[in-house]
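Listed here are the chains, written in short residue letters.
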Amino acid sequence: MLQQVLEGTEASSLVVIEDCVDHDGRPVFHCFCSQLAKRCESVHLFHLENPAGVFLEGANISKVQSHDGFSDPLQWEEQNRDPSSDRIDLASALDFLGHLKRTPVKTSPVAVVIDSLTPFLQNYPGYVICRALQRLLRARLESDGIEVSQVVAGFHGDLHDDSTAAALRHMATTWVQLQEGAESPTQGGAGFHGNCEVLHRRKSGKVIRQAEVYHISPQWSLTSRVQKAPVRPVAHVEQEAQVDPTANLTFNLRLTDTEKEARSRVVLPYMHHHRKKAPNKPAANPGGQIFYQPDDVDDFDEEDPDDDLDF
Amino acid sequence: MEDSCVRGQFVLISDSLTDGSFLIHHFLSLYIKGGWKVCLLALAQSFGHYNAVGQKLGVPLTQAREKGQLRFIDGLKCSLQMYTCAPQEGQGENPLRALRDKKATLRPLYDLVKTQICSEEGVLEGPTLLLVDDLSVLVSLGVSAKDVSDFMHYCRVLMCPTQQGYCRVLMCPTQQSQGAIVSLVHKDADVEDEENSTLFRHMAYHGTVHLAVEGLSSGYSRDVHGQSNLY
C-alpha cells in the first residue's frame, strides 16, 4: 500500500508519516519528495526542520518551490534576509494556501510536502493546523487559482499528545506509522529498510490497515510489501511437552481399575450425605459439624478438592 | 566515534544515572588542541572547574581564553544574577532574562553566542565549536522545552546549517558547514521529568550523533565506571 500511495496508483489526498526518535522518517519523506517531483507538475516544499537540500537529492529541483521555515522561523535574524525566497514566519497567522498563492509559478495541480508539522504544532493550537490543512486540501482552481493534488506531512509522534495525533489521523487519508527504524546506510550505500503500519482510507469508505516492510534504494526509490505473520508451530510444541509424570519413578503412583473404583466410592468425611446415621453412634464433633454440598456450578475435582494444585 | 574534529556535526550527549560531563571536557580539550575556535556556554560549572580539568588534560584554558581561541559565556553567573539582583540592577541586559520573564525567549542568549563567535557580517570565522553544558539546567530553572529547542535550532542553523545526517554520502564538500555543536542533556531513568524528556526528544531530532552514557547494568564497579552507546 505504501508503494502504491507513493507512486500515485492509490489515490490519497493527505499522507502523514509518523516517526519517532528511534525510527527516523526522513528517508521515507525523501522518497515522497523525489517521487512527487517526477509525477507532479509542481511541488511546494515547506521545510522547517532540515535545509531544503536534504530532501532534494535525486529530485528534479526545477519543479520544486521551497518555502523556508528553517533559516529564521521566529524572525530572530535582522540581517541576511533574502526577499526573493518565501519565508515562513511562525509568529504570524498560519496560511499554507497563502504561501502557494504568493509563488510566481502558477501551475496546477500541485503537491505540497511539509517537513514537519511539529514546529507548527508548537506555535499554533492543533485545530489551527487542521483548519489550515483543510483549507489547503479544499483549494479549487476557480476560486483560489490553485489546486492541490496531494499533501505529504511529517509528524513526530513522541513530541505531541494523543489528541493531536488523533485529530490528524482523522483527517489523513493515509497514515504511515514507522515501527522499525531505517538502518543507517553502509559504506556501499545499501539504502534503508524498515517496518511500518499503514492505515489507508479510500474514497469508497473502505479502510485498509496492514503491516508492511519497506526498502529504500540508494536512488531513493521505495518498494514495500505486506509483512507476513510469522508461522508459529505452537500446537506441535505443546504436544511434545506433555510428559507422563508417573513414568520412570522408583515407586508406584498408578492405580489399577479396581483401585480407581474403590477410590470413587470413598465418602469424604465433610461431604453431606443423606444416609441415615446409626442412632446410638455419637457425633464425631459434638461442637458442630461442617458439611460441604457443591452447587451445580462448582467444578468439584475429587483429585484436587481444594483446587490448589498446579499440574 | 572518530577521535577528530568533524564539521557539520551536532553531537548530543545524554547521561542516565551517571555523569556524562567527562565528554564535555573531552570535546573541549579535543577541539582546542585541534585549533578550532570554541565557544563554551557554561550553565552548570564555573570557568575554574573547566580550567582545572583542562590543565589535567594538558589544555590550559586560561591561555586559550586570553588568545581568543576560547570564548566563555558564564551562564551560571547570569542565572544567579537573575535570581539575586533586583530588576533595576541590569536584569534587562541579562541574556537569561527568560528565567524571570515568562514572555521572554532565549533570543538574547542566542544573540550573545552569535556576537562571541561570528564576525561583524554574522558569519563564522573558521572552524568553530559551540559547546553547551548543559541544557537540562535551563529546563530545571523553568525555561520551557520549546524555548530551549528554538534556541538550539537557531544555534544549529548558525553552526551547521548543512549538517551531515542520514545523507552523509550526499553532502558536497563545498557545502560543508564551518561549525559543530556538542551539547549535554540529562536523561536519568529514575527521575520522572516530562519537560526534560521532551527536551531530550527535541534534541535527538536535531542531533546527528547521539552519545548515550549510562552506568553498568550489573551495578557499580570500581574499575569500569559505565558504558556508552553511539547512535
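Computed from a predicted structure; not experimentally measured. (Residues numbered from 1 in each chain as written. Chains lettered and ligands numbered in written order. Predicted model: local features only at pLDDT ≥ 70, side-chain atom pairs only at ≥ 80, totals over all residues. Heavy atoms only, no water.)

Re the overall build of chain B
Scanning chain B from terminus to terminus reveals eight helices and seven strands. In chain B, buried positions account for 51% of the 231 residues. Contacts in chain B between residues at least 24 apart in sequence constitute 70% of all its contacts with a sequence separation of at least 6. Carbon and sulfur atoms make up 50% of the accessible area of chain B, which amounts to about 10800 Å² in all. (Helix = DSSP H or I, 4+ residues; strand = E, 2+ residues; numbered from the N terminus. Buried < 20%, exposed > 50% of the residue type's maximum accessible area, 1.4 Å probe, protein only. Contact = heavy atoms within 4.5 Å. Areas by Shrake-Rupley, 256 points an atom, 1.4 Å probe, with all protein chains shown as cover.)

Some thoughts on the interface of chain B and chain A
In this assembly, 23 residues from chain B lie in contact with 34 residues from chain A. Two residues, E77 of chain A and K114 of chain B, come together in a salt bridge whose shortest N-O distance is 2.4 Å. Summed over the shared surface of chain B and chain A, the number is 15 residue pairs in polar contact (both at pLDDT 80 or more). Mapped by element, the contributors of at least two residues to the side of chain B that touches chain A are α5 (107-117), α7 (145-159) and α8 (194-206) of chain B. Sorting elements by how many residues they give to the side of chain B that touches chain A places α7 of chain B first, with seven residues. Of the residues that constitute the side of chain B that touches chain A, the class distribution is 11 nonpolar, five polar and seven charged. (Salt bridge = Lys/Arg side-chain N within 4 Å of Asp/Glu carboxyl O. Polar contact = N/O pair within 3.5 Å; in protein donor to acceptor, adjacent residues only side chain to side chain. Nonpolar A, V, L, I, M, F, W, Y, C, P; charged D, E, K, R; others polar.)

Remarks on the confidence of the model for chain B
The predicted coordinates ought not to be read in detail in places where the model reports low pLDDT. All names here are of chain B. On average, chain B scores 83 in pLDDT, and the residues at 70 or more come to 83%. Across residues 167-174, confidence stays below pLDDT 50; counting only partners more than four residues off in sequence or on other chains, it has nine contacts. The complex model carries a pTM of 0.78, and its ipTM stands at 0.83. (pLDDT = per-residue confidence, 0-100.)

Here's the deal with the nonpolar core
I114 and F120 of chain A are the most contacted members of the largest nonpolar core, which has 78 residues in total. Broken down by element, this core gets its largest block of residues, eight residues, from α7 of chain B. Other than its neighbours up to four places away in sequence, I114 of chain A contacts F29, F46, F96, F120, L133, V151, V152, A153 and G154 of chain A. In terms of nonpolar packing, the next biggest core, distinct from the first, is built from 35 residues, V15, V54, F55 and V152 of chain A among them. (Core = buried A, V, L, I, M, F, W, Y, C linked by side-chain atoms within 4.5 Å.)

Section: helix α2 (residues 26-39) of chain A
Residues and elements named next belong to chain A. Here α2 is 14 residues long and its end C-alpha atoms lie 20 Å apart, about the 20 Å a rise of 1.5 Å per residue gives. Of all 14 residues making up α2, 11 are buried, and the element is well covered by its neighbours. All of the buried residues along α2 are P27, V28, F29, H30, C31, F32, C33, S34, Q35, L36 and A37. (Expected span 1.5 Å × (residues − 1).)

With respect to the state of the cysteines
Applying the stated criterion across every chain yields a total of zero disulfides over all chains. Unpaired in this structure, C40 of chain A has its nearest cysteine sulfur neighbour in C33 of chain A, at a distance of 11 Å. (Disulfide = S-S within 2.5 Å.)

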